[in-house]
Amino acid sequence: MTTNIEGKVVLITGGGTGLGAETARMLASKGAKIAIAARRRGKLDEVASNISASGGKAKAYELDVANKDQFKSVVNTVASDFGKLDVLINNAGLMPIRPMAEVDTEEWDAMIDVNLRGTLYGIAAVLPMFINQETGHIINISSVAGIKVFAPGGTVYSGTKFAVRAISEGLRQEVGGKIRVTSIEPGAVESDLKHTTSGTSQGAVMEFYKSAISASSVARAITFAIEQPDDVDINEIVLRPTAQEF
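Given the structure is predicted, the values throughout are model-derived calculations rather than measurements.

S.K.: Residues and numbers for unusual backbone geometry, please.
M.R.: Look at the link from Ala 151 to Pro 152: it is a cis peptide, with omega at 5°. Tracing the backbone through its elements, the reader meets Pro 152 in the loop between strand 5 (137-141) and helix 5 (155-175). One non-glycine residue, Val 103, adopts positive backbone phi at about 50°. Position of Val 103 among the secondary structure elements: in the loop between strand 4 (87-90) and helix 4 (105-133). One non-glycine residue, Glu 134, adopts positive backbone phi at about 60°. By the element assignment, Glu 134 lies in the loop between helix 4 and strand 5. Judged by its relative accessible area of 49%, Glu 134 falls in the partly exposed class.

S.K.: Go over the pairing of strand 7 (residues 236-239) with me, naming the residues and quoting the values.
M.R.: The side-chain alternation of strand 7 yields one buried face, formed by Ile 237 and Leu 239, and one unburied face, formed by Glu 236 and Val 238. In this structure, strand 6 (residues 180-186) lies alongside strand 7, joined through four bridges in parallel fashion. Across the sheet, Glu 185 pairs through a bridge with Val 238, a residue of strand 7.

S.K.: Describe in detail helix 5, supporting the description with residues and values.
M.R.: Here helix 5 spans 30 Å end to end across 21 residues, near enough to the 30 Å set by a 1.5 Å rise per residue. Along helix 5, the residues that are buried comprise Val 156, Tyr 157, Ser 158, Thr 160, Lys 161, Val 164, Ser 168, Leu 171 and Val 175. Along its buried surface, helix 5 packs onto helix 4, strand 5 and strand 6.

S.K.: Account for the sheet that holds strand 3 (residues 57-62), with residues named and values stated.
M.R.: As summarised here, the arrangement of the seven strands in space is 3-2-1-4-5-6-7, forming an open sheet in which the pairing is parallel. Edge positions in the open sheet fall to strand 3 and strand 7, since each of these has one partner strand only. Ignoring strand direction, the axes of neighbouring strands in this sheet form an average angle of 15°. Lying on the sheet, helix 5 is in contact with strand 5, strand 6 and strand 7; it crosses strand 6 at an angle near 160°. Contacting strand 4, strand 5, strand 6 and strand 7, helix 7 (residues 215-227) crosses the sheet at an angle of about 165° to strand 6.

S.K.: I'd love a proper account of the environment of Trp 108, names of residues and values included.
M.R.: Along the polypeptide, Trp 108 turns up in helix 4. Residue Trp 108 is classed as partly exposed on the basis of its relative accessible area of 23%. Those residues in contact with Trp 108 that lie beyond four places of it in its chain are Met 100, Val 103 and Val 156.

S.K.: Give a description of the side chain of Thr 13 that names residues and reports values.
M.R.: Counting through the fold element by element, Thr 13 comes out in strand 1 (residues 9-13). Sequence-distant contacts of Thr 13, that is, excluding residues within four places in its chain, are made with Ala 37, Leu 63, Val 65, Phe 71, Leu 88, Ile 89, Asn 90, Asn 91 and Ala 92.

S.K.: Pulling in residues and values, what's your account of the packing of aromatic side chains?
M.R.: Within this structure, the stated rule accounts for one aromatic pair. An angle of 40° between the planes, with centres 5.0 Å apart, marks the rings of Phe 150 and Phe 246 as tilted. Note that Phe 150 is positioned in the loop between strand 5 and helix 5 and Phe 246 in the segment after strand 7, a separation of 96 residues in sequence. Across the pair, Phe 246 and Phe 150 agree in class, each one buried.

Cut-offs applied
- Residues numbered from 1 in each chain as written.
- Predicted model: local features only at pLDDT ≥ 70, side-chain atom pairs only at ≥ 80, totals over all residues.
- Heavy atoms only, no water.
- Helix = DSSP H or I, 4+ residues; strand = E, 2+ residues; numbered from the N terminus.
- Buried < 20%, exposed > 50% of the residue type's maximum accessible area, 1.4 Å probe, protein only.
- Pairing = 2+ DSSP bridges.
- Expected span 1.5 Å × (residues − 1).
- Contact = heavy atoms within 4.5 Å.
- Axes fitted to C-alpha atoms, helices over the stretch in contact; angles between N-to-C directions.
- Phe/Tyr/Trp six-rings, centres within 6.5 Å; stacked < 30°, edge-to-face > 60°.

Structure follows, in structure tokens:
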């Protein structure tokens, strides 16, 4: 049975590890052509090679999502390399957990740059193309912390993820007639995200992630959103470990 995934070109940011890499492999197994992008080229090449060895199609691209010109350049290159672009998955993210009283403005800036600006720059890079071709799908990775504030410690992180969720819904209202928009809001997922916390909060974060579900759980949710018929738009998916209260 064919799906609405086969033959689609999908660009995934943060595609070298964790959720991004698992999503890349899963979509490739269903016939999608995969472009994975991140700052670390070595991990990207490894994932792309694994997909190719399994009979899929994948290419790796270096990308700092906080650089809007670079994001636009990568999008244009992907469209040129594959002949088109159908889906953008804004997956790159940071989650340094720290009480606001420590006033680590560098961490605040980093989260705003990657989680929020990175998502907006991705939208800016693909939206004119999607509008012109009258089709496309933008998938933004928010968080359960974008539904309920994760405090103490995750206040600024929650702020960025609330914003991603709001932007997703506003974008859907503006362009939903032709372009599909999905916000994915996971709870604790096994990935590198937990390692972006250091200092006094690290122990609490590691404890929280003991109940984390596999990255494939979220990859299946993303796959479900993409594989729907073109007239069906899955706008929001919330998933968390069964044992997670938050």
